[in-house]
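# Summary of the model geometry
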Amino acid sequence: MNIVIIYDSSTGTTAKAAEAMGKTFEDQGHTCRVQSVVQADLADVLEADLICVGSWVKGLFIIRQHPTEGTMQFIEQLGDLSGKNAVVFCTYKLAIGSTLRQMAKALEGKGAKVVGQFKYRGPEPNNKFPSFAASLT
Ligand SMILES: Cc1cc2nc3c(=O)[nH]c(=O)nc-3n(C[C@H](O)[C@H](O)[C@H](O)COP(=O)(O)O)c2cc1C
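Residues numbered from 1 in each chain as written. Predicted model: local features only at pLDDT ≥ 70, side-chain atom pairs only at ≥ 80, totals over all residues. Heavy atoms only, no water.

## Focus on the site of the ligand
Of all residues adjacent to the ligand, which total 18 residues, the nearest are Ser 9, Thr 11, Thr 13, Val 57 and Thr 91. Contact distances for the ligand include 2.7 Å between an oxygen atom and a backbone N or O atom of Ser 10. Contact distances for the ligand include 2.6 Å between an oxygen atom and a side-chain N or O atom of Thr 14. Expressed as a share of its isolated accessible area of 650 Å², the protein-covered part of the ligand is 82%. According to the grid-proximity analysis, the pocket containing the ligand is the largest pocket. By residue class, the composition of the shell around the ligand is seven nonpolar, nine polar and two charged. (Near = heavy atom within 4 Å. Polar contact = N/O pair within 3.5 Å; in protein donor to acceptor, adjacent residues only side chain to side chain. Areas by Shrake-Rupley, 256 points an atom, 1.4 Å probe, with all protein chains shown as cover. 1 Å grid on protein atoms, 1.4 Å probe; cavity = no way out; pocket = protein on both sides within 12 Å on 5 of 7 lines; lining within 4 Å. Sits in = over half its atoms within 2 Å of the grid points. Nonpolar A, V, L, I, M, F, W, Y, C, P; charged D, E, K, R; others polar.)

Below you can see the structure in the form of structure tokens.
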């Protein structure tokens, strides 16, 4: 499968999580490109079978959490994603609130089907990500 991972990272945590996810996908035999929201090549994104979008959680820690502006702007500029699968993920410290829901809703608004949502308290893609990656065919 051709996979692209696009992330927004301020201090490197989400970038590290994205790279580690990419390695896990490649270990499963997939092709994966990892790019930041500023480097993202839209042609690569629209060619991918699975689009993963990651943000760090921004907010007041216990309330008003949301994805970064850069993440949402990246999703906004995408064209029609009908027929494409998507994954959303975020890194955080305390609580994510509706961060993943906001990202998923924006991607669904473009026609994508969100097949996975993951949150990591740090740079390690723990949670259910490894079994998700192993289940992709
Ligand atoms: C301005 C600011 C606001 C943040 N707000 C939240 C928050 O509301 N909830 C939370 O769990 N973490 C919050 N964090 C922590 C970051 O989401 C977390 O450290 C993240 O892993 C940073 O990712 P990065 O290293 O890729 O930038 C905040 C960090 C900053 C700098």
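Having seen the model, we can carry on.
## Let's talk about the layout of surface pockets
To find the voids left in a structure, one rolls a probe of water-molecule size over its atoms. Quantified by volume, the largest pocket comes out at close to 350 Å³. Considering the residues around the largest pocket, the lining is formed by 18 residues, among which Trp 56, Val 57, Thr 91, Tyr 92 and Lys 93 are closest to the centre. Looking at the lining of the largest pocket residue by residue, the class counts come to six nonpolar, nine polar and three charged. (Points joined across faces, edges and corners; volume = space filled by probe spheres on them.)

## What about the packing of aromatic side chains?
As enumerated under the stated definition, the model contains five aromatic pairs in all. A centroid spacing of 5.5 Å and a plane angle of 90 degrees characterise the contact between Phe 118 and Phe 129, whose relative ring orientation is edge-to-face. Within this pair, whereas Phe 118 is found in strand β5 (residues 113–120), its partner Phe 129 is found in helix α5 (residues 129–135), the two being separated by 11 residues in sequence. Among the residues examined, Phe 129 registers a relative accessible area of 0% and is labelled buried. Residues Phe 129 and Phe 132 carry aromatic rings whose centres are separated by 6.3 Å and whose planes lie at 40 degrees to one another, so their mutual orientation is tilted. Residue Phe 129 and its partner Phe 132 are both found in helix α5; the two are separated by three residues, about one turn of the helix. Site record: aromatic cluster; members linked through ring pairs are Phe 25, Phe 118, Phe 129 and Phe 132. (Phe/Tyr/Trp six-rings, centres within 6.5 Å; stacked < 30°, edge-to-face > 60°. Helix = DSSP H or I, 4+ residues; strand = E, 2+ residues; numbered from the N terminus. Buried < 20%, exposed > 50% of the residue type's maximum accessible area, 1.4 Å probe, protein only.)

By themselves, these are just geometric observations and shouldn't be taken as functional.
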